[in-house]
Amino acid sequence: VPRTVPHTEETTMTAHESTAAKPSGCIGCVIRIAIRNLLRYRRRTVLTTALIAVGVIAVLLFVALAGSFRAMMVGQITDSMLGHFQVHRTGYLAAVDSLPLNLNLKPKMVKRLNKELSALEGVEAFSPRLKFGAMFSNFSETTNIRIVAVEPDREVAVAPLLPKRFVAGEPKDGLIARGGILVPELLSRGLKLKVGDEVVLVATNRDGSVNGMTFRVGGILESVTGPGGRDGYLHIEDARALLRMKEAEVSEIAVRVANPGQAATVAGLLAATLDGIKNQKGKAVFDVRSWEKLTPFYNIARMIDLMTLFIQIMLISIVLISVMNVMMMAVYERIREIGTIAAIGTQPRTILGLFLSEGLLLGLVGATAGTSVSLIVIFVLNTVKVAFRFGRQDLLLAPTVGVGAVALTFTVVVVVAILASLQPAWKAARMDPNSALRHV
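Residues numbered from 1 in each chain as written. Predicted model: local features only at pLDDT ≥ 70, side-chain atom pairs only at ≥ 80, totals over all residues. Heavy atoms only, no water.

Caption draft 1: A look at the overall build of the chain. Helices and strands together make up the secondary structure of the chain, namely 13 helices and 12 strands. Residue burial in the chain is summarised as follows: out of 440 residues, 46% are buried. If you take every contact in the chain between residues at least 6 apart in sequence, the share linking residues at least 24 apart comes to 79%. Counting only carbon and sulfur atoms, one obtains 61% of the accessible surface of the chain, whose full area is about 22400 Å². (Helix = DSSP H or I, 4+ residues; strand = E, 2+ residues; numbered from the N terminus. Buried < 20%, exposed > 50% of the residue type's maximum accessible area, 1.4 Å probe, protein only. Contact = heavy atoms within 4.5 Å. Areas by Shrake-Rupley, 256 points an atom, 1.4 Å probe, with all protein chains shown as cover.)

What follows is the structure, encoded as structure tokens:
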């Protein structure tokens, strides 16, 4: 028995409307009807797409700005102090607070590392360092200092921002000349030192003998947060003379890679190559660690990543709630209409596709608008070149967002919009025509 539709004022339609009310099931027809339905409620459609767009803008701008700050912060740490990864003798880092000289890398170890690093793809530069503790005196007051002894040219190649940390004085012979010492700002203020003043370093070598040497302050370095705040720099040959070293030992080798994002990968390749070198006890001789495992600043970088993830979750929630709310309202307000198109033979799957198409269109339009605005704002920020101070250095804000992040955000928004439409669409598709037509 064919279904009959009550002839009331609400269900009376023109021929064109009747044709449109019964989707044929083709994708193009369903999408056209979905567009028409969204345009019927223009204010609500505009507000919903605007809300989705705002969410996308918030996420992409935060990702770009947070990524820029994270990159600058990591760059300051790696390019002025640490390098991208370091190689030590096994056990050195466990006792690093005392800077043990008995766990230095021997000349044969250094030679092997030089060979492996020179052949390793991705390595841009590497620099040997000799670290030790010493007493530091201006002839009237005495304090302790951590000394980092380096080969100037090689150290600058690994840490190119180190010369920019000069508060007073200027680099000589690349960084530091023989007979000179670079003093951290923290100690220079406490001992009232100026460039050109004479100071004395007193250090104990591995055999327990004490030796002292006079140096001239060649420069004062900006302090950095953490242990590096008390680090002074010497020429490595002066350090070996002070410690009366018979062999050219080093405490660590700092490495810089061409692509900072590949630091952990390159370090892993080197570790795998050196893994087969064992000591007499069968333990690995070398300990290779990337910068993340050498500084507490990595925790700050992780916090930035977590905040980015939190913002993305907020975006998903905004899209989910806004689209679901719109679609539920659409189903509730169009119950009689749904009953009508169901009564004239429209298949449930077509009704389901109709409402899913509306959610898809909302997600596409909102995501497209949000992505476009975000990219324009990022372009403007890079054009204007916003600067801010980090310590004593003026840094340019350079927000960037990768294609992957844009594509992921766009895809997540669209997928969540479709998923948010699924429950209302399922409800509409399963609606009984008779009950729907009697709905008041």
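Now that the structure is up, let's keep going.
Caption draft 2: Just the nonpolar core, in detail. Grouped together as the largest cluster of nonpolar side chains are 47 residues, with contacts concentrated most on Phe-85, Phe-132, Phe-136 and Leu-201. Here the element with the most residues in this core is strand E2 (residues 123-137); it accounts for 6 residues. Setting aside residues no more than four positions away along its own chain, Phe-136 makes contact with Glu-141, Thr-142, Thr-143, Ile-145, Ile-181, Val-183, Leu-187, Leu-191, Leu-193, Val-199, Val-200 and Leu-201. In this structure, Val-319, Ala-330, Leu-362 and Val-413 belong to the second largest nonpolar core, which totals 41 residues. (Core = buried A, V, L, I, M, F, W, Y, C linked by side-chain atoms within 4.5 Å.)

Caption draft 3: Representation of helix H12 (residues 403-429). Taking 1.5 Å per residue, 27 residues should reach 39 Å; H12 reaches 38 Å between its end C-alpha atoms and fits that length. Its axis deflected by about 35° at Leu-422, H12 carries its strongest bend there, up to four residues before the proline Pro-424. Taken residue by residue, H12 has Val-406, Thr-409, Val-413, Val-414, Val-416, Ala-417, Ala-420, Ser-421, Pro-424, Ala-425, Ala-428 and Ala-429 as its buried positions. Buried residues in H12 make contact with helix H3 (42-82), helix H9 (297-333), helix H10 (335-343) and helix H11 (348-384). (Expected span 1.5 Å × (residues − 1). Bend = angle between axes of the 7 residues up to and from the residue.)

Caption draft 4: Seen up close, the side chain of Glu-358. Secondary-structure assignment places Glu-358 in helix H11. Here Glu-358 falls in the buried class, since its relative accessible area comes to 1%. Discounting chain neighbours no more than four positions away, the residues touching Glu-358 are Ala-34, Asn-37, Leu-38, Met-327 and Arg-334.

Caption draft 5: Examining the environment of Gln-423 more closely. Within the fold, Gln-423 resides in helix H12. Taking the C-alpha atoms as reference points, Gln-423 and Leu-352, separated by 71 residues in sequence, lie 9.6 Å from one another.

Caption draft 6: The environment of Ala-66, seen in detail. Checked against the element boundaries, Ala-66 lands in helix H3. Sequence-distant contacts of Ala-66, that is, excluding residues within four places in its chain, are made with Ile-304 and Thr-308.

Worth remembering: the numbers are spatial, not functional.
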